[in-house]
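Commentary on secondary and tertiary structure
In case you want the letters, here they are:
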Amino acid sequence: MNAAAVVMALNTACTANCPWTAVRAVGSTLVFTSDSPMPNLPALLAGDAYLIALTRSADGQTPANPIGTGPFQFTSSNNGVLTLTANEGCWQGRPFLDEIVITGNRPIRDQWLDLSVGHADIAQVPPQELRQAQQQHLAVVVSPPVELLALEVSDTGALGNAVLRAAIAESIDRGALFNVIFQKQGEITASLLPQSLTGYAFLFPADRDLNKANELRGGLTPPPLTLAAEGDPTTQLAAQRLALNLREAGFNVQVANAHNAPHADLALRKLPLEGADPAAALETLLRSAGENVPVAGRNPNALFRAEHDVLDLKTLIPLLDLPRAWAIGSRVRDLRLRADGTPDLASASLEGTQ
Amino acid sequence: MSLRQKLLLLFSLTVAAAVAAVAWTVLVRIRHVFEIRDQEETALFVSQFQREFQHRSAEVAAAVDHLAASERARAMAFELAQSGDVAAYLTEAQSMAQDAQLDFLEIVGADGKIVSSAQWPARFGYAEPAAANASTTPFLKREELPDGSTALGLFAVHAVGGTEVRLIGGERLDQSFLADLPVAPGMQIGLYSDANSLTTTVNFSTGASTPALTAFDPPRLLGPSGAVPAAIQYKSLIDAARTSGQQVNGIVNPTGRREDSLNATAIPLKNEQGNVMAVLVVAISRSGMVEAQQHIRAIAYGVAAGGILLAVLCSLWIAARVSRPIEQLAHAAEEVAGGNWDVRVPPRGRDEVSVLARSFNHMTEQLQSQRDRLVQSERVAAWRELARRLAHELKNPLFPLQLTVENLVRALELPEAEFDEVFRESTATLATEIANLKTIIGRFSDFSKMPKPELERIDASEVVWRVALLHFPNLVRKGGRSVEKSTNDEKIQCSVEFSLDPMPLDADPELLHRALSNLVLNAMDAMPDGGVLTISAHPKGETVELRVADTGRGMTPEECERLFTPYYTTKQHGTGLGLAIVQSVVADHAGTIAVESPPGCGATFIITLPRSAA
């Protein structure tokens, strides 16, 4: 690991809308260049988006696959099964677990079945399935809100009129999404950052006001709009529900898959809420959303104003803060969740193993 | 057209018309019978199909009923009643619809709002009007789908247990539904479904609103295997069913070929409000019936053609048999008209034609007898006339001869000198009168031995000019068409007119000259007090017309009629042979001669001769 490898990893991780203008290695030092101050740079670099992978070994050779710098290193990947082994030389020390086998593209029900029969120790639990997992008496750990379900609204084309975007914001029934589709998991929100992080999220009203939406729309009848949603069924269902809400407000909306509609008028997305630093979290979130809004300061007032300014544009409409949840097997001990809701496997151990 | 041809045509047409009428009647009757049978068969098939459709409706109702009666649904209804939490059942409808193999299923809570929807999961919480109008019988409903489209479905509603929770299940009326329906061989089915089958037209003056039919859209007519080909052909039928709301029958011809035609029935499918939601088209192929009809028609045409051919042959025989005696009569009549009076028609049988033949034979015998008698009497009359004329002509010179001879006899007693003088005078008189006798005899001789014409190509104008110059030497030719008038003795003026166009004639110039000269002399004789003589020659179609006109006193009709009779004359000293000679010459040149003499306007002789080819 050296500075050049880090630069290479950062450039690989960030190809567009980066916090910096350029990054280069000067000896063992990294030099970031930017047109504006970067008070949140350390926090941003600590996020998952900028994880540094070892792309060049100590002898200067480039490995065939990234092997990692954390507690576990990449060993193999075969038929969607990823194998990680403990990194003996990790700066945090060697983890308790010797090996982690991650099986991808496995249906949730199958994961749960594997967990119940002892073929797996940790299984994914989407928020909307959390209630069912609990009904099946699975041990579940739930993170604080780590994702923001938000509706991105294009400010060009048919929705170039901010009043129409405001009408869209007013017509959304967040309660139906929260209560039914996401099975009362997470939190209803109209702010970008969760209440637990800022304390002022309640200041943004999240109630639906269809009359106001119709009033705002006035006599305008926009052309048919396209709402793009990611491919998972729950997001698609939520998008359809939003389309229904919007239809009540006089908007004709068709739901499409995000892959098929890259330039849709509306897009339902899950944005990351990372870290404990609100300013850094907001910047990360906005950059994920493709926004480039500088965050003025770290005090709550400045943060509120910055968030308020962004929301006033009605190009990003927060809907729900969603947690991450995991079902864990009976052998797993000391499993904690990190700030981004992912399990901290380095600290976990299995009962009955050495 | 001959009598035989007319009879043949009459008989043939009569028989052909009769055969055609019979064939047409038979074909129309057969067609009528076939169509009635075809309609009955179609009605039977349609009835069977409707029963099958109702059976499928009953199946949908039974499936929903079965679902509503299941323990799963009862438990769900109980939980909903207890907790009111609908979130747990978001995907319940999808699961239940899959189990019951229903295309549509919605769970509607006691508040009339959707708890779960299989076809549109995001519609939870929205009101479902169909639940309020629920009945146990299946009904049609157009269901909105997430992609913005709509689908027509056959629905049934059933309450779960004793609760207010209802299940609204249905089966989609689409291609697969049609494909599952049993169809008889030759039967085609289609479903016309329009998202907005009826639009409402508002009359702003009266405020009344009337439903208006949306335009027929051919791609919306679907069969079990996709779009129905030539769907536009069903337009009138489907529109009639959509408009009237009643079942409509008709014949559809998708390809234009009659054997591909279909006996189609459009069955309107209505919702509970009676609005036509779709039109089910059941079409039965008419190929079997059409082929049978064509087969029968071919046989009928063959028999009719054979009958007509036989009738024509029979007509030919009958016509020949009937017309042969008449043709013989006609031929004999032509022979008689041509001068052959010896012809006879053999009488056959006792019918009217044989009577006619016998009468004809008798008539020709009578005619022949009368002609002979007439010829005999005419011959006698001619001899008498000739004798009279000869006697008259000869008597005039004979009288002086007799007087001269008597003078000579008396002169014997005179002195010698006087006798010599009387003798000289008497001999001179005798010579003169004998010359007169010779002249008279020469004229008769000329008439009796008219030479045969020696034809050569001449121009009519040359003949005319030559004759005119003979009698009027002072004539001066001026210009083309006419000449200056000329007089011979300052009493008669002559005018010659002829066309500049060539007027070729195949004629004997001397005979023609002689004939024209006769006419000119007659004309001059007709104008003792002077007048105008006009000689002209003009082409007239395929003939050349020569005219000699005078301005004398003219002739009476009786004179005109007898003018060309030999030895007839109106002159005091004429022989009556001049015009007879003219007529003979003209006849020898295959021409005709006529005379026109309006009262007091002189006379015009018109000779018409055939014009030779140039």
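If you're wondering where the values come from, they're calculated on a predicted model, not measured in any experiment.

**Comments concerning the overall build of chain B**
A tally of helices and strands in chain B yields 13 helices and 21 strands. A buried classification covers 28% of the 614 residues belonging to chain B.

**Description of the interface of chain B and chain A**
Contact residues are listed per partner, giving 11 residues for chain B and 12 residues for chain A. A class-by-class count of the residues in the side of chain B that touches chain A yields 7 nonpolar, 2 polar and 2 charged.

**A closer look at the environment of leucine 356 of chain B**
Residues and elements named next belong to chain B. Here leucine 356 shows up in helix α8 (residues 352-411). For leucine 356, a count of 16 C-beta atoms within 10 Å corresponds to the partly exposed category. For the pair leucine 356 and isoleucine 326, spaced 30 residues apart in the sequence, the C-alpha separation amounts to 8.9 Å.

**Concerning the packing of helix α5 (residues 162-171) of chain A against helix α8 (residues 210-217) of chain A**
When two helices pack together, their arrangement is captured by the angle between the axes and the distance separating the axes. All names here are of chain A. Contact geometry of α5 with α8 gives a least axis separation of 8 Å together with a crossing angle of 165 degrees. Classed by the angle they form, the pair α5 and α8 counts as roughly antiparallel. The handedness of the crossing between α5 and α8 comes out as left-handed. Taken together, the residues of α8 that come into contact with α5 (itself represented by Val163, Leu164, Ala166, Ala167, Glu170 and Ser171) are Leu210, Lys212, Ala213, Leu216 and Arg217. Class assignment of the residues belonging to the contact of α5 with α8 gives a composition of 7 nonpolar, 1 polar and 3 charged.

**Re the nonpolar core**
Generally speaking, nonpolar side chains in soluble globular proteins are found buried as a group. Leu227 of chain A together with Val279 and Val281 of chain B are the most contacted members of the largest nonpolar core, which totals 130 residues. Sort the elements by how many residues they give to this core and strand β13 (residues 276-285) of chain B lands first, with 9 residues. Phe472, Val496, Leu505 and Val548 of chain B belong to the second-largest nonpolar core, a separate cluster that totals 43 residues.

**Some points on the environment of tyrosine 200 of chain A**
All names here are of chain A. Mapping tyrosine 200 onto the fold places it in the loop between α7 (195-198) and α8. Its 17 C-beta neighbours within 10 Å are what place tyrosine 200 among the partly exposed residues. Placed 100 residues apart in sequence, tyrosine 200 and proline 300 show a C-alpha to C-alpha distance of 8.3 Å. Sequence-distant contacts of tyrosine 200, defined by excluding residues within four places in its chain, comprise Pro300 and Phe304.

**Side note on the packing of helix α7 (residues 287-337) of chain B against α8 of chain B**
Residue and element names in this part refer to chain B. As a packed pair, α7 and α8 sit with axes 10 Å apart at the nearest point and diverge in direction by 15 degrees. In terms of axis orientation, α7 runs roughly parallel to α8. Crossing handedness for the pair α7 and α8: left-handed. Contacts between α7 and α8 involve Pro325, Ile326, Leu329, Ala332 and Val336 from the first element and Val353, Leu356, Ala357, Phe360 and Thr364 from the second. Here the residues of the contact of α7 with α8 are counted per class, giving 9 nonpolar, 1 polar and no charged.

**Focus on unusual backbone geometry**
All names here are of chain A. Even without glycine at this site, lysine 184 takes up a positive phi of about 65 degrees. Summarising the element assignment, lysine 184 is placed in the loop between α6 (174-181) and β9 (187-188). C-beta crowding within 10 Å serves as the criterion here: with 16 such atoms nearby, lysine 184 is assigned to the partly exposed category.

**Some details on the sheet that holds strand β11 (residues 253-257) of chain A**
Sheets are built from strands that pair by backbone hydrogen bonding, the pairs being arranged parallel or antiparallel. Residue and element names in this part refer to chain A. The 6 strands lie next to each other as β9-β13-β8-β12-β10-β11, forming an open sheet whose pairing is mixed. Each edge of the sheet is formed by a strand with only one pairing partner; in this case those strands are β9 and β11. Pairing between strand β8 (residues 147-153) and strand β13 (residues 316-322): 6 bridges, direction antiparallel. Residue pairing for β13: alanine 150 is matched across the bridge by proline 318. Seen against the sheet, α6 touches β9 and β13 and runs at an angle of roughly 25 degrees to β13.

**Overview of the pairing of strand β3 (residues 72-78) of chain A**
Where a strand is regular, its side chains alternate between the two sheet faces. One ladder, built from 6 bridges, connects β3 of chain A with strand β4 (residues 81-86) of chain A; its direction is antiparallel. The residue of β4 of chain A that forms the bridge with serine 77 of chain A is leucine 82 of chain A.

**Here's the deal with the sheet that holds strand β7 (residues 139-142) of chain A**
Residues and elements named next belong to chain A. Judged by pairing direction, the sheet is antiparallel, and its 3 strands sit side by side in the order β6-β14-β7 without closing on themselves. At either margin of the open sheet sits one strand with a lone partner, and together these are β6 (122-125) and β7. Within the sheet, the average angular offset between the axes of one strand and its neighbour, ignoring direction, is 30 degrees.

**Describing the environment of methionine 555 of chain B**
Residue and element names in this part refer to chain B. Its place among the elements puts methionine 555 in the loop between β19 (543-549) and α12 (557-562). Sequence separation of methionine 555 and glycine 602 is 47 residues, and the distance between their C-alpha atoms is 7.4 Å. Other than its neighbours up to four places away in sequence, methionine 555 contacts Cys560, Ser597 and Ala603.

**Topic: the confidence of the model for chain B**
Residue and element names in this part refer to chain B. For chain B, mean pLDDT is 83; residues scoring 70 or higher make up 93% of the total. Within the model, pLDDT remains below 50 along residues 197-210, and this stretch shows 19 contacts once partners closer than five positions in the same chain are excluded. Scoring of the predicted complex yields 0.61 for pTM and 0.81 for ipTM.

**Brief notes about α8 of chain A**
Residues and elements named next belong to chain A. Of the positions making up α8, those classed as buried are Ala213, Leu216 and Arg217. Angular distribution of buried residues about the axis of α8 spans 95 degrees; they occupy a single face of the element. Along α8, exposed side chains directed more than 90 degrees from the buried face belong to Asn211 and Glu215. Looking at the buried residues of α8, the elements they touch are α5. Glycine 218, located one to two residues past α8, shows a positive phi value of around 60 degrees.

Conventions adopted
- Residues numbered from 1 in each chain as written.
- Chains lettered and ligands numbered in written order.
- Predicted model: local features only at pLDDT ≥ 70, side-chain atom pairs only at ≥ 80, totals over all residues.
- Helix = DSSP H or I, 4+ residues; strand = E, 2+ residues; numbered from the N terminus.
- Buried ≥ 20, exposed ≤ 12 C-beta atoms within 10 Å, placed from the backbone.
- Contact = placed C-beta atoms within 7 Å.
- Nonpolar A, V, L, I, M, F, W, Y, C, P; charged D, E, K, R; others polar.
- Axes fitted to C-alpha atoms, helices over the stretch in contact; angles between N-to-C directions.
- Parallel < 35°, antiparallel > 145°, perpendicular 65-115°, else oblique.
- Left-handed = near helix turned anticlockwise from the far one by under 90°.
- Core = buried A, V, L, I, M, F, W, Y, C linked by C-beta atoms within 7 Å.
- Pairing = 2+ DSSP bridges.
- pLDDT = per-residue confidence, 0-100.
- Arc of directions from axis to C-beta.

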